[in-house]
Amino acid sequence: MIIRTKAPLRLGLAGGGTDVSPYSDQFGGYVLNATIDMYAYCTIEVTNTNKIEIYAADTEQYFESPSVEHLDTEDSALALHKGVYNRIVRDYNHGKPLSFRMTTHSDAVPGSGLGSSSTLVVTILNAFVEWLNLPLGEYDIANIAYKIEREDIGLSGGKQDQYAATFGGFNFMEFYEKDRVIVNPLRIKQWIIDELGASMLLYFTGVSRESAKIIDEQTSNVVMKKQESVEAMHQLKKDALTMKESLLKGNIQHFAACLGKSWEAKKKMAHTITNREIDIVYEAVLEAGAISGKISGAGGGGFMMLCIEPTRRIDVIRTLNRFDGKVFKFQFTKQGTVGWTLHSSRSH
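This structure is a prediction, so every number in the text was calculated from the model and none was measured.

*Asks:* Quick rundown of the pattern of salt bridges? Include the residues and the values.
*Replies:* For the structure on display, the rule yields 13 salt bridges. For Glu-245, the salt bridge is made with Lys-249, and the minimal N-O distance between the two is 2.8 Å. You can see Glu-245 and its partner Lys-249 sitting in helix H8 (residues 227-249), four residues apart, about one turn around the helix. Judged by its relative accessible area of 59%, Lys-249 falls in the exposed class. With a closest N to O distance of 3.0 Å, Arg-312 and Asp-315 form a salt bridge.

Structure (structure tokens):
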């Protein structure tokens, strides 16, 4: 038996960072995001060898072990894969080890700002849900994925990525204390989605970054009640509401203007969110015809999303091509994580 799953990566359009504790616990967080046609993939081949084999094809990391109840996640190599396995065996398989071969890969590198790590956890988790026929809904899968990353493995971060990957599409998310999350799917007319797609560019800066360090600084600023950082996060919340309304009404120009304002507020949350290299690229594309932009995710590198006048698209791309990064084509998607099972052998 072979199980395959995929989960979509996301663009954090507005409010990113307000989903991180302790801000979300104290004030409540709002996030506007949308999934795109870039994915994290997982294949599980069920075996009877009493072995666990895990291979991350994109990073060329391989792990092999006898089938045991618990895998050590202290070694950061494949910690996400092992963390999902440990949680599944403990909570959903009565502590009984499993025998399988797992292969994963992602369309985006870790530290890209598209939620790649959390999306990988969701797609691996969904593979076990599919295999073991577990009665888990979307909220369950997203919440368990969050707990695996934040509690079991101890990685810093927010909650939006797990929910985006699980639910898919355009969502306005609310985050409150005690891990309470409300996902509001947005019914956006297709012409608005098409116009937004025509008005956006995705540019990989060529620099991956460790989001946990940026998030730790942001968290510290909230704990220390640094006024500039907290006020910036309040602004991001307001921007998420405003941009949601602009999107629903199809006012892409207002959406773009608010995106730029939101980027200026985001940079005040932590000093590592931007750097000179990012600023140089941003200034150049504004001169070439971009309206606004921001770094997706925690900041510091990864993907930059830009709002542009569609007729200036090629001008902006030419400008971006002068730098070391890469322009990515993308489309928005409506579906969250999916899984399917192949019962026949691969030779058929």
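*Asks:* Give a description of the environment of Phe-175 that names residues and reports values.
*Replies:* Within the element layout of this structure, Phe-175 appears in strand E6 (residues 170-176). Setting aside anything within four residues of it in sequence, one finds Phe-175 in contact with Asp-19, Ser-24, Gly-28, Gly-29, Val-31, Lys-159, Gln-160, Arg-180 and Val-181.

*Asks:* Can you explain the sheet that holds strand E8 (residues 200-204)? Please cite residues and give values.
*Replies:* With respect to topology, four strands assemble into an open sheet ordered E9-E10-E8-E11, the strand pairing being antiparallel. The open sheet is flanked by strand E9 (290-295) and strand E11 (326-328), the only strands paired with a single partner. Pairs of neighbouring strands in the sheet enclose a mean axial angle of 30°, with direction left out of account. Of the strands in this sheet, E8, E9 and strand E10 (303-308) are in contact with helix H10 (residues 276-288), which crosses E9 at around 160°.

*Asks:* Now, about the nonpolar core: what can you tell me, with residues and values included?
*Replies:* Core analysis: the largest hydrophobic core is formed by 37 residues, its most contacted members being Ile-44, Phe-100 and Phe-128. Taken together, the elements giving at least two residues each to this core come down to strand E1 (2-14), strand E2 (29-46), strand E3 (51-56), helix H2 (79-92), strand E5 (100-106), helix H3 (116-132) and helix H4 (138-152). Once residues within four sequence positions are removed from consideration, Ile-44 is found in contact with Met-1, Ile-2, Ile-3, Phe-100, Arg-101, Met-102, Ala-127, Phe-128 and Trp-131. By size, the runner-up hydrophobic cluster in this structure holds 33 residues, among which are Leu-11, Phe-170, Ile-192 and Phe-255.

The rules behind the values
Residues numbered from 1 in each chain as written. Predicted model: local features only at pLDDT ≥ 70, side-chain atom pairs only at ≥ 80, totals over all residues. Heavy atoms only, no water. Salt bridge = Lys/Arg side-chain N within 4 Å of Asp/Glu carboxyl O. Helix = DSSP H or I, 4+ residues; strand = E, 2+ residues; numbered from the N terminus. Buried < 20%, exposed > 50% of the residue type's maximum accessible area, 1.4 Å probe, protein only. Contact = heavy atoms within 4.5 Å. Pairing = 2+ DSSP bridges. Axes fitted to C-alpha atoms, helices over the stretch in contact; angles between N-to-C directions. Core = buried A, V, L, I, M, F, W, Y, C linked by side-chain atoms within 4.5 Å.

The values reported here are purely geometric and, on their own, carry no functional implication.
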